[in-house]
Amino acid sequence: MFDAYTGAESVDGIDPGRSSAVVKGLEPPRFCAHCGRRMIVQIAPDGWWARCSRHGTIDSWRDDQC
C-alpha cells in the first residue's frame, strides 16, 4: 500500500504528518493508495475526483475506489 498524498510506500506503525487541509478532507489524494501511481485529479467548487489508470476513480462524495 502507498500513501495517497505523497506516493511513498506505507510503513506499518509509522504515521506520516498530515497538513490541516488533508485532515479536514479538503485536499484530494494525488497518488493511488493501491499502486502508488500519480492520479489525474480534477477539483471543482463542490468537490473533487481522482482517477488511477489501473484502479479507477474516487471522489469526494463517495471517497472509495471503484
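See the structure shown above.
Residues numbered from 1 in each chain as written. Predicted model: local features only at pLDDT ≥ 70, side-chain atom pairs only at ≥ 80, totals over all residues. Heavy atoms only, no water.

Now for the state of the cysteines. A complete count under the given rule lists 0 disulfides for this structure. Unpaired in this structure, C35 has its nearest cysteine sulfur neighbour in C32, at a distance of 3.7 Å. When its relative accessible area of 24% is taken as the criterion, C35 is described as partly exposed. We note that C52 lacks a disulfide partner, and the nearest cysteine sulfur, in C32, lies 3.7 Å from it. (Disulfide = S-S within 2.5 Å. Buried < 20%, exposed > 50% of the residue type's maximum accessible area, 1.4 Å probe, protein only.)

Below, the discussion takes up the sheet that holds strand 2 (residues 47–52). Ordered by their spatial adjacency, 3 strands build an open sheet running 1-2-3, and the pairing between neighbours is antiparallel. In this open sheet, the two edge strands, each paired with only one partner strand, are strand 1 (40–44) and strand 3 (56–59). Each strand of the sheet is rotated relative to its neighbour by a mean of 15°, with strand direction disregarded. Relative to strand 3, strand 2 runs antiparallel, the two being bridged by 4 bridges. Bridge pairing in strand 3 links R51 to T57. (Pairing = 2+ DSSP bridges. Helix = DSSP H or I, 4+ residues; strand = E, 2+ residues; numbered from the N terminus. Axes fitted to C-alpha atoms, helices over the stretch in contact; angles between N-to-C directions.)

Counted according to the given criterion, the structure contains 1 salt bridge. A salt bridge links E27 to R30, with the shortest nitrogen-to-oxygen separation between them at 2.9 Å. Classification of R30 by relative accessible area gives partly exposed; the value is 24%. (Salt bridge = Lys/Arg side-chain N within 4 Å of Asp/Glu carboxyl O.)

By themselves, these are just geometric observations and shouldn't be taken as functional.
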